[in-house]
Amino acid sequence: MSEFAPPHRQVVAERRIRIAASLVLVGMVIEVVSLNILHPLSFLLFLGVGGLTAAVGIAWFLLALLKAGE
Amino acid sequence: MQPELIALLVVSLALLLFLAVRPSVTRGPGGRALAFLGVFLLPGITLFAGFEQHMESSKTKQFCMTCHVMRDYGKSLMVDDNEYIPAVHYQNNYVPREKACFTCHTDYAMYGDLRAKLRGLRHLYVQYVGTVPDTIKLYTPFQNRECLHCHGESRKFLANSGHHDDDTTMVAMQSGRLSCMASGCHDVAHDVHELKGAPMWSEGTK
């Protein structure tokens with residue numbers, strides 16, 4: 001994605017990055033919450049919800065990089 | 001929570017928020033590097049550090065005591081009896097008090113911590129989906145390996161002639177053929193049903 005790329009391509013790429021950053025942000029917030037609760041279920045919250053959301057966000061970001069290179 | 005992890009979380013969250021609000025910064029090479037750092041590298045490190053923090057927290061006595069069924073076992077550490085194995089270990093700091101449960105109930109073998117934690121997930125399933133049994137039993141008889149991990153080379157252990165009364169005793173103990181507890185030498189730990197009305201010790205007193 002360079003500054004000479006068509007505007008539509010830029011818009012799409014930036015939307016992908018926004019979605020990826022938002023997903024990872026939600027994952028990180030869940031991680032913060034889970035780390036402040038000392039309970040077995042907080043580990044499941046961390047791994048099953050926070051970790052999964054952040055992982056999807058990271059995958060989305062990597063996909064955005066690949067698509068930007070096409 | 002460790003200060004390094006807090007700092008990592010704060011930086012990650014700030015960067016992610018910035019990228020979510022202003023994705024247009026990624027138009028330049030500097031912005032793309034920032035996105036790589038903020039959406040891939042830092043969250044990856046933070047998730048790993050968070051996992052480690054959860055693992056450490058799950059080794060604490062306080063964590064074990066969050067389940068109702070474990071409360072009596074926690075109380076058994078406070079029995080005022082200098083012959084009672086769990087109490088002697090806890091009250092004399094033979095095990096770190098903060099990690100008293102985990103120190104004895106992990107496997108001192110390769111991937112032992114991981115196995116102990118996987119058993120913990122099974123406990124969670126039983127606690128919330130299955131039926132908790134009236135009497136909690138170990139999956140397998142308590143391994144001598146866990147006792148000998150600390151006691152094996154200790155002066156007190158070596159000075160006790162019972163452990164070395166002939167050439168075969170120590171070998172039998174190490175191989176697990178002669179159990180520390182099941183063979184009648186040492187009492188069974190945590191017989192919580194027998195503890196009703198037992199005198200209790202309180203921390204900080206003699």
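Note: the structure precedes this text.
Here the residue numbering is sequential within each chain, running from 1 through the sequence in written order. Each chain gets a letter, beginning with A, and each ligand a number, beginning with 1, in the order they are written. Whole-chain, interface and lining totals are the exception, using all residues; otherwise, since this is a predicted model, local features are given only for residues with pLDDT of at least 70 and side-chain atom pairs are given and counted only at 80 or more.

A.B. asks: Could you clarify how one ought to interpret the overall build of chain B in this entry?
C.D. replies: We count a stretch as a helix when DSSP gives it H or I for four or more residues in a row; a strand needs E for two or more, and each element gets its number in order from the N terminus. Each helix and strand in chain B was counted, giving ten helices and zero strands. C-alpha atoms define the radius of gyration in this analysis, and the globule rule sets the expected value at 2.2 Å times the number of residues to the power 0.38. Relative to the globule expectation of 17 Å for 206 residues, the C-alpha radius of gyration of chain B, 24 Å, shows a markedly less compact shape. Based on the C-alpha atoms only, the size of chain B along its principal axes is roughly 75 × 40 × 40 Å. Around each residue's C-beta, the other C-beta atoms within 10 Å are counted; 20 or more make the residue buried, 12 or fewer make it exposed, and counts in between make it partly exposed. All C-beta atoms are placed from the backbone. Expressed as a percentage of the 206 residues in chain B, the buried residues total 19%. Here the contacts in chain B between residues at least 6 apart in sequence split such that 56% fall between residues at least 24 apart. The contact criterion used is a C-beta to C-beta distance within 7 Å, with each C-beta placed from the backbone.

A.B. asks: Help me understand the environment of B:Val126 in this model?
C.D. replies: Checked against the element boundaries, B:Val126 lands in helix α7 (residues 112–128). Of the residues examined, B:Val126 has 14 C-beta atoms within 10 Å and is grouped as partly exposed.

A.B. asks: Would you mind showing me how to read the packing of helix α2 (residues 40–69) of chain A against helix α2 (residues 29–57) of chain B here?
C.D. replies: How two helices pack is summed up by the angle between their axes together with the distance between the axes. Convention adopted: a line fitted to C-alpha atoms gives each axis, helices being fitted over their contacting stretch, and angles between N-to-C directions are expressed from 0 to 180 degrees. Between α2(A) and α2(B), the least distance of the axes is 10 Å, while the angle of their chain directions is 165°. In terms of orientation, α2(A) and α2(B) fall into the roughly antiparallel class. Both α2(A) and α2(B) take part in a crossing whose hand is left-handed. For the pair α2(A) and α2(B), contact is made by A:Phe43, A:Phe46, A:Gly51, A:Ala54, A:Gly57, A:Ile58 and A:Phe61 and by B:Val39, B:Phe40, B:Pro43, B:Gly44, B:Leu47, B:Gly50 and B:His54, respectively. Residue classes follow a fixed rule: Ala, Val, Leu, Ile, Met, Phe, Trp, Tyr, Cys and Pro count as nonpolar, while Asp, Glu, Lys and Arg count as charged, and any other residue, Gly among them, counts as polar. Broken down by class, the residue content of the contact of α2(A) with α2(B) amounts to nine nonpolar, five polar and no charged. Reported orientations rely on four angle classes, namely roughly parallel under 35 degrees, roughly antiparallel over 145, roughly perpendicular from 65 to 115, and oblique for the rest. Put simply, a crossing is left-handed when the front helix is turned counterclockwise from the back one by less than a right angle, and right-handed when it is turned clockwise.

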